[in-house]
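# Notes for the structure review
Chain by chain, the residues run as shown.
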Amino acid sequence: MSRRIQLFCCRVEKKPRDTVLILVLCFARIHPPEFFKNKYAVDEAHYVTEISNVLALKKPAVLLTLRGVNTDSGNVSKEASFEGISQFNVNNKILHPEIAECRVIKTDMELEVLRYTNKISSEAHKEVMKAVKVGMKEYEMESLFQHYCYTRGGMRHTSYTCICGSGENSSVLHYGHAGAPNDKTIEDGDLCLFDMGGEYYCYGSDITCTFPANGKFTADQRAVYEAVLKASRAVMKAVKPGVSWPDMHRLADRVHLEELTRIGILKGNVDDMVKVHLGAIFMPHGLGHLLGIDVHDVGGYPEGVERIDEPGLRSLRTARRLQQGMVLTIEPGIYFIEHLLEQALQDPAQSCFINSSVLQRFRGFGGVRIEDDIAVTATGMELLTCVPRTVEEIEAFMAEGQSRAKSFDCLSGQKQ
Ligand code: GLY
Ligand code: MN
Ligand code: MN
């Protein structure tokens, strides 16, 4: 029987059928190959200098190497190579879709790591919520999150650059990048939208908490927050194997439109708003994405699954039907983004639904996102994230954090 051989330099993925995993050793301290064979549970382990000879002795029908485009980032993963590879029949096309598919459905061991990254990252978010004070810089919160993840969880890396937007910055979807490095001072009355996730053994987490910097929601902040929470919980209730992810996005959009109408920002018939894609003005991103080794994990658009070219939906990083073992984020949000609001106000098909005098009150408000990580189970879902979510939970939690901080300061003689 001819065998496929898959080469690894440092990370072992799940094993496709009829494939022999060979680990190529390139570590500073030289352990015997047996050590790595056991540690990484591969079939064989050899020193890198032996690769050509070892493979030649096996006379493989084909060597599979990993090359392909990530449908999310557009980045190309480049295949492994070594001196002497030209003597083999190498195929760099078969493996990529197979590996991507392996990564979409998590094993129990992968789920265990993802539960851990979520547990520690949830705790770190709570630490931040307790510590935040008006007058602090956004980056102090980023730093505290990272410190907690590393010291308490051994999580050296985050799965993406922390997004710590306060005030109007909370409506900037990927705020926190080098051009806007979480450097605003947090002000009284600001909403904080902190999107941060720690990573462990290459597996990520992706959690967003939105809360008032001073610990107390205003009436408008509460109304928008509860609208997003309603969308989040409606999706969680509907999630189960077989459900289409674009339908979950549509569900969240509909809840947002209903709630924005109830608040008074929108007026008219929600079905008609859906027809003109009004939801995408307030939530211009996708509802959520696959999560794993990459924060926006691979496998979102396998052959046969097409991107839906409509506002909002086209930003979805997957349009698949859900299957047991998938891990995804659920991250609805409502944002007041100036240029999108202007665009809607200038489009008669959309502006007829907008109550501009009420909307005026929300300009400069920023945005709310609630992002949780979930695993799809046989009958529904498992919530991996554990942070205060309702307005009451958040206010009580922050009040407790602030009173703890006060008593600590009293003990050290530093009265506030
Ligand atoms: N933190 C990036 C995202 O939510 O997708
Ligand atoms: Mn996020
Ligand atoms: Mn996300």
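The rules behind these values
- Residues numbered from 1 in each chain as written.
- Chains lettered and ligands numbered in written order.
- Predicted model: local features only at pLDDT ≥ 70, side-chain atom pairs only at ≥ 80, totals over all residues.
- Heavy atoms only, no water.
- Salt bridge = Lys/Arg side-chain N within 4 Å of Asp/Glu carboxyl O.
- Helix = DSSP H or I, 4+ residues; strand = E, 2+ residues; numbered from the N terminus.
- Buried < 20%, exposed > 50% of the residue type's maximum accessible area, 1.4 Å probe, protein only.
- Donors = N, O, S within 2.8 Å, 3.2 Å for Na, K, Ca; no water.
- Tetrahedral: all angles 85-135°; square planar, octahedral: opposite > 155°, others 65-115°.
- pLDDT = per-residue confidence, 0-100.
- Contact = heavy atoms within 4.5 Å.
- Disulfide = S-S within 2.5 Å.
- Polar contact = N/O pair within 3.5 Å; in protein donor to acceptor, adjacent residues only side chain to side chain.
- Pairing = 2+ DSSP bridges.
- Core = buried A, V, L, I, M, F, W, Y, C linked by side-chain atoms within 4.5 Å.

## Some words on the pattern of salt bridges
Tallied over the entire structure, the rule returns 27 salt bridges. Salt-bridge contacts for arginine 317 lead to aspartate 72; the nearest nitrogen and oxygen are separated by 3.0 Å. Taken as a pair, arginine 317 in the loop between helix H9 (279-282) and strand S13 (327-330) and aspartate 72 in the loop between strand S5 (68-69) and strand S6 (76-77) lie far apart in primary sequence, 245 residues in all. A relative accessible area of 22% means that aspartate 72 is categorised as partly exposed. As a salt-bridge pair, arginine 389 and aspartate 372 come within 3.0 Å of each other at their nearest N and O atoms. Linking arginine 389 in the loop between strand S17 (381-383) and helix H13 (391-411) with aspartate 372 in strand S16 (residues 372-376), this pair joins segments that are 17 residues apart in sequence.

## Observations concerning the coordination of the manganese ion (ligand 2)
Each angle at a metal carrying four tetrahedral donors should ideally be 109.5 degrees, and each at a metal carrying six octahedral donors should ideally be 90 or 180 degrees. Asp195 (OD), Asp195 (OD), Asp206 (OD) and Glu371 (OE) make up the full set of protein donors to the manganese ion (ligand 2), lying at 2.0 to 2.3 Å. Taken together, the six donor atoms surrounding the manganese ion (ligand 2) define angles of 57 to 174 degrees at the centre, an arrangement classified as irregular. Along the chain, the residues that donate to the manganese ion (ligand 2) are spaced as D-x10-D-x164-E. Separating the manganese ion (ligand 2) from the manganese ion (ligand 3) is a distance of 3.3 Å, and aspartate 206 supplies a donor atom to each of them. With aspartate 195 in strand S10 (residues 191-196) and aspartate 206 in the loop between strand S11 (198-199) and strand S12 (207-212), this pair connects stretches of sequence that are 11 residues apart.

## Comments concerning the confidence of the model for the chain
Low-confidence regions, as indicated by low pLDDT, have predicted coordinates that should not be scrutinised in detail. Here the chain averages 92 in pLDDT, while 90% of its residues score no lower than 70. Low pLDDT, under 50, characterises residues 8-13; the predicted model gives this stretch 18 contacts beyond four residues in sequence or across chains. Predicted confidence is poor over residues 410-416, with pLDDT under 50, and the contacts of this stretch with residues over four places away or in other chains come to five contacts.

## Some thoughts on the state of the cysteines
Using the criterion set out here, one finds zero disulfides in the structure. The closest cysteine sulfur to the non-disulfide-bonded cysteine 102 is located on cysteine 202, 16 Å from its own sulfur. Its sulfur unpaired, cysteine 209 is 10 Å from the next cysteine sulfur, which belongs to cysteine 386. For cysteine 209, a relative accessible area of 1% translates into the label buried.

## Side note on the coordination of the manganese ion (ligand 3)
Here the manganese ion (ligand 3) is held by the protein donor atoms Asp206 (OD), His289 (NE2), Glu331 (OE) and Glu371 (OE), which lie 2.1 Å from it. The site at the manganese ion (ligand 3) holds six donor atoms, and with the angles between them running 51 to 157 degrees, its shape is irregular. Read in sequence order, the donor residues coordinating the manganese ion (ligand 3) give the pattern D-x82-H-x41-E-x39-E.

## Concerning the side chain of aspartate 297
By the secondary structure assignment, aspartate 297 is in the loop between H9 and S13. Within the local environment of aspartate 297, its side chain forms a polar contact with the side chain of arginine 103, the two groups lying 2.6 Å apart. A polar contact of 3.2 Å, which involves the side chain of aspartate 297, links it to the backbone nitrogen of aspartate 294. Apart from the residues lying within four places of it in its own chain, the contact partners of aspartate 297 are Arg103, Lys106, Leu290, Leu291 and Gly292.

## Thoughts on the pairing of strand S9 (residues 163-166)
Residue alternation in S9 divides its side chains into two sets, Ile163 and Gly165 and Cys164 and Ser166, and both sets are buried. Bridging between S9 and S10 involves four bridges; their strand directions are antiparallel. If you follow isoleucine 163 over to S10, its bridge partner there is aspartate 195.

## Some remarks on the nonpolar core
Grouped together as the largest cluster of nonpolar side chains are 60 residues, with contacts concentrated most on Phe194, Phe211, Ile265, Leu266, Phe282 and Phe336. Beyond its immediate stretch of four places on either side in the chain, phenylalanine 336 contacts Ser171, Val224, Ile265, Phe282, Leu341, Leu359, Phe362, Phe365 and Gly366. Ranked by size, the runner-up nonpolar core spans 23 residues in total, among them Met248, Leu287, Leu322 and Ile330.

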